[in-house]
Amino acid sequence: MLLIVYGLRSLELRRLRLEDVDWEQELIRVTRFKSRCVQVYPLSDSLGEALLRYLKEARPLTQYREVFLTRRAPIQPLSSSGLVNLVARRMQRLGILPKHPGPHSLRHACATHLLTQGLSIKEIGDHLGHRDPDSTLTYAKVDLAALRRVADFNLEVLE
């Protein structure tokens, strides 16, 4: 959920620490990998509930401060390949078969969703933590099917 809602990079998710979640203010702080800036997001009810359920029921007891850990020994912060495998397996179980399954495809999906919701490239870039608008353009894919429907619109019906 964190990957698709906030468009986090794999490393940003894996570096997320327990103290980055402010339960009182219902905020989550993400240190952006490339800019090293801290970006603050609201913690939605559904995301907060899912995160709390993970922390209480699934996260192993350990001294590690990273939120996401391996579930089998040796218990340690989730690795890049571990996260890729986890996300790819989950997508497959859900019947989602992108060309490149894994966490980065969810970042692309986040950008595309924001674009379809009418956000500007600048707003999407800000959400994803981009400094350069050109970086955002690679993520925000245009819905070609929707554009075709517009292009196929028959102007004769307006007469």
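Shown above is the structure to which this text applies.
Basis of the calculations
Residues numbered from 1 in each chain as written. Predicted model: local features only at pLDDT ≥ 70, side-chain atom pairs only at ≥ 80, totals over all residues. Heavy atoms only, no water. Axes fitted to C-alpha atoms, helices over the stretch in contact; angles between N-to-C directions. Helix = DSSP H or I, 4+ residues; strand = E, 2+ residues; numbered from the N terminus. Left-handed = near helix turned anticlockwise from the far one by under 90°. Contact = heavy atoms within 4.5 Å. Nonpolar A, V, L, I, M, F, W, Y, C, P; charged D, E, K, R; others polar. Phe/Tyr/Trp six-rings, centres within 6.5 Å; stacked < 30°, edge-to-face > 60°. Buried < 20%, exposed > 50% of the residue type's maximum accessible area, 1.4 Å probe, protein only. Pairing = 2+ DSSP bridges. Expected span 1.5 Å × (residues − 1).

**Section: the packing of helix α5 (residues 103–116) against helix α6 (residues 121–128)**
In step 1: In contact at an axis separation of 10 Å, α5 and α6 are set at 145° when each is read in the N-to-C sense. The two elements α5 and α6 cross, and the hand of that crossing is right-handed. Judged by residue contacts, R107, C110, A111, L114 and L115 of α5 engage I121, I124, H127 and L128 from α6.
In step 2: Split into classes, the residues belonging to the contact of α5 with α6 amount to 7 nonpolar, 1 polar and 1 charged.

**Regarding the packing of aromatic side chains**
In step 1: In the structure shown here, the tally under the stated rule is 2 aromatic pairs.
In step 2: Judged by centre distance (4.5 Å) and plane angle (35°), the rings of Y6 and Y41 are tilted. With Y6 in helix α1 (residues 2–6) and Y41 in strand β3 (residues 38–42), this pair connects stretches of sequence that are 35 residues apart.
In step 3: With a relative accessible area of 4%, Y6 lands in the buried category.
In step 4: Among the residues examined, Y41 registers a relative accessible area of 5% and is labelled buried.
In step 5: The interplanar angle of 35° and the centroid separation of 5.1 Å between the aromatic rings of Y54 and F68 together place this pair among those described as tilted.

**Overview of unusual backbone geometry**
In step 1: For the bond running from A73 to P74, omega is -5°, close enough to zero to count as cis.
In step 2: Turning to its location among the elements, P74 is positioned in the loop between α3 (45–58) and α4 (80–93).
In step 3: Its identity as a non-glycine residue notwithstanding, E26 has a phi of 55°, on the positive side.
In step 4: Within the element layout of this structure, E26 appears in the loop between β1 (21–22) and β2 (27–31).

**Some words on the pairing of β3**
In step 1: Taking every second residue as pointing to the same face, the buried face of β3 carries Q39 and Y41, while none of V38, V40 and P42 on the other face is buried.
In step 2: Of the strand pairs in this sheet, β2 and β3 are connected by 5 bridges, and their pairing is antiparallel. Among the inter-strand pairings, I28 is bridged to a residue of β3, identified as Y41.
In step 3: Linking two consecutive strands that pair antiparallel, namely β2 and β3, is a turn of 6 residues; a positive phi of about 65° is found at R36 within it.

**Topic: α5**
Because an α-helix completes one turn every 3.6 residues, residues spaced three or four positions apart along the sequence face the same direction.
In step 1: If you check α5, its first and last C-alpha atoms are 20 Å apart, about what 14 residues at 1.5 Å a residue would give, namely 20 Å.
In step 2: Next to the buried residues of α5 lie α1, α2 (10–14), α4 and α6.

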